[in-house]
Amino acid sequence: MAQDNSNLPTPSDDAPAAKRKELLVQPPPKLARPDMREKPTVVLGGGPAGLTAAYLLAKMGLPVVVLEAEDQVGGIAKTAVREGYRFDLGGHRFFTKAKEVETLWHEIMAEEFLTRPRMSRIYWRDSRGHGKFLDYPLRGPDVMKKLGPIDLTKALVSYLWAAVKPKGKEETFEEWVSNRFGRWLFNQFFKSYTEKVWGVPTSEIRADWAAQRIKNLSFFTAAYSAFFGNKGNKVTSLIDSFNYPRYGPGQMWETMTEDIRSLGGQVLLNKPVTKLEFDGDRIVKVHVGDDEVYEPSAVISSLPLRNAVGMAQPHPRGEVITAARGLRYRDFLTVSLVLDGEDLFPDNWIYIHDPNVTVGRIQNFRSWSPWMVPDPTKACVGLEFFCFAGDELWEMEDEKLVQLGIRELEQLGLARPDALEFGFVTRVPKAYPIYDEEYADRVKTIRSWLDGLDNYIQVGRNGLHRYNNSDHSALTAMRAVDNLVLGTDHDIWEVNAESVYHEEEKQDEQQPYIQPPETESMKEPLAR
Ligand SMILES: Cc1cc2nc3c(=O)[nH]c(=O)nc-3n(C[C@H](O)[C@H](O)[C@H](O)COP(=O)(O)OP(=O)(O)OC[C@H]3O[C@@H](n4cnc5c(N)ncnc54)[C@H](O)[C@@H]3O)c2cc1C
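Presented here is a report on the structure given in the accompanying data block.

Cut-offs and rules
Residues numbered from 1 in each chain as written. Predicted model: local features only at pLDDT ≥ 70, side-chain atom pairs only at ≥ 80, totals over all residues. Near = placed C-beta within 6 Å. Helix = DSSP H or I, 4+ residues; strand = E, 2+ residues; numbered from the N terminus. Axes fitted to C-alpha atoms, helices over the stretch in contact; angles between N-to-C directions. Parallel < 35°, antiparallel > 145°, perpendicular 65-115°, else oblique. Contact = placed C-beta atoms within 7 Å. Expected span 1.5 Å × (residues − 1). Buried ≥ 20, exposed ≤ 12 C-beta atoms within 10 Å, placed from the backbone. Arc of directions from axis to C-beta. Pairing = 2+ DSSP bridges.

### Some details on the site of the ligand
Taken together, the neighbourhood of the ligand is formed by 35 residues, with Gly45, Gly47, Gly75, Gly90 and Gly460 sitting nearest. For the shell around the ligand, the secondary structure elements donating two or more residues are helix H2 (48-59) and helix H16 (470-485).

What follows is the structure, encoded as structure tokens:
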């Protein structure tokens, strides 16, 4: 099944020149904090949340300064560029049910916002060791065809065996899934990818977590969608089209940055925030590096919650520091490769359910947007490895990681090593805030400190330690701006949260681990 790119020109055709937007300043009807006109609101972090806040403030004609530590905007949703090729770290679909976010995204991107079809499949090995692709979302006839009579029989016998003789106790993910789907299906389609994502054996993942995750996207829900479609895009993981900026997600954040600057706001790069100085319940100074200081009227911060606590001076009370110290993260890295020849597969991305390789997912950037790959004779892919900062994979030299990437592509039968033109590595620390047994209490303790502050608000994904996608990260920023400018009392923490691990739309407060792993990054100082 080939991706239909027929509605799109090839990248060698000139992209239509982006029309200049008319950026009108619209002062707010009332200003709850008059000092916001005199002194800038300082926004910490130039990712989706920080930039959204800054854009809205700049549009109101209020002074705003964004401080971003890196030399590029976009945060986790940035686009890496090498020799004209563009790489999305993780594959960012723009899809939201929040009307105001949808409107904002279209306002920023205008005709540069493409509508793209989704195609993704599962790569797995059948019992004879042959690599195969299974359509995902599942399609009934495809499952029958790809499994074939031998594997279908195995699946059925193992399913019936589990139904007749279920394992008595169901404490782990492994036991829960095997009881419901049979051991064979568990081994083929649940075990390896889950272990790659979470970094522990499925025997160390809780049964409750499986029950919560799998109940809404069971084989049967997927099978229902396979036969009857996914009307109304109810399950986000099964959406069949989404928006995407012509040049990758980074284009959204770069355009937003240009707009903020055109409106008189500042977006400053290479500005690592190091200290947050409070006087009672008010933030009075933001320090960058050792010798730069900004005096804000208010601060909207998308810094990871852990770091924000660590940077506060005077230090919050001991229990807040202890709570912040225990927050954990799962990290990930992308090995981006440009290869000579045709695309390796037509999908946007494929899930790798083969336990013999480390890679978890592979993105194919031409299918996201043909403009990501300027040379039609090259293929451009991103291999995603889930890891913990400080572990063996994370610490591996870049060149070795590139070699690992191309070796695994060969193992999967997708590319030959001599096709490699060049490759590079992007590490994404704190890609996923971890929900462990204690995280909710820890966040509650930290909130009790934040709630007492007058002009400092945390927003975003790591800013709230929630699985917020970029739409919900943006929405938290919108609510924060309202609270400061209009004096509303929105509860930022109530903005919907959505898991990106399995991309389903629902609240996910459960933690996966029976015993959460002690990670290297927990030893890091709270502030650097
Ligand atoms: C693998 C993966 C796939 C994803 N797929 C999707 C998807 O398909 N659709 C979707 O909508 N969302 C997706 N997301 C989620 C999306 O990336 C996040 O919701 C979004 O990037 C969060 O925005 P943010 O501004 O809160 O945080 P971030 O993107 O983390 O930005 C925070 C910014 O703060 C900066 N910063 C940190 N410390 C400092 C400091 N001390 N001083 C100054 N600046 C600092 C960082 O450099 C960064 O630029 C995905 C995430 C991952 C990991």
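### Concerning the packing of helix H3 (residues 99-109) against helix H9 (residues 249-262)
Look at H3 against H9: their axes get within 9 Å of each other, and the N-to-C directions meet at 75°. By the criterion of interaxial angle, the relationship of H3 to H9 is roughly perpendicular. Contact with H3, carried on its side by Trp105, Ile108 and Met109, involves Met252, Thr255, Met256 and Asp259 of H9 and no other residues of that element.

### Looking at helix H15 (residues 439-450)
Compared with an ideal rise of 1.5 Å per residue, which puts twelve residues at 16 Å, H15 spans 16 Å between its outermost C-alpha atoms and is within 8% of the ideal. Within the span of H15, buried status applies to Tyr439, Arg442, Val443, Thr445, Ile446 and Leu450. Along the long axis of H15, the arc covered by the buried residues comes to 160°, so they all point the same way. In this structure, H15 carries Asp441 and Lys444 as exposed residues pointing more than 90 degrees from its buried face. Residues of H15 that are buried sit in contact with helix H10 (305-311), helix H11 (318-325) and strand S20 (456-458).

### Here we look at the sheet that holds strand S7 (residues 131-136)
Taken together, seven strands build an open sheet; the order of strands is S7-S6-S16-S17-S18-S15-S19 and the sheet is mixed. What marks the edges here is a single partner per strand, and that holds for S7 and strand S19 (420-433). Here the average twist between neighbouring strands, direction ignored, is 25°. As judged from the six bridges shared by strand S6 (residues 120-125) and S7, these two strands associate in the antiparallel manner. Residue pairing for S7: tyrosine 123 is matched across the bridge by phenylalanine 133. Sheet strands in contact with helix H14 (residues 398-411) are strand S15 (329-340), strand S18 (378-387) and S19, and its direction is about 105° off that of S19.

### Some points on the sheet that holds strand S14 (residues 312-313)
Overall, mixed pairing links the four strands, which are arranged S12-S11-S10-S14 in an open sheet. Bordering the open sheet on either side are strand S12 (292-294) and S14, each of which pairs with just one other strand. With three bridges joining them, strand S11 (residues 282-288) and S12 adopt antiparallel strand pairing. Looking at S12, one finds that histidine 287 is bridged to valine 293.

### Observations concerning unusual backbone geometry
Here the bond from glutamine 313 into proline 314 is cis, since omega is -5°, no more than 30 degrees from zero. Looking at the secondary structure, you find proline 314 in the loop between S14 and H11. The phi angle at alanine 110 is positive, at roughly 45°, despite the residue not being glycine. Assignment of secondary structure puts alanine 110 in the loop between H3 and strand S5 (113-117). Backbone geometry at lysine 430 places phi at a positive 55°, although glycine is not the residue there. Inspection of the secondary structure puts lysine 430 in strand S19. Exposure remark for lysine 430: the 21 C-beta atoms within 10 Å place this residue in the buried category.

Taken by themselves, the reported measurements are silent on function.
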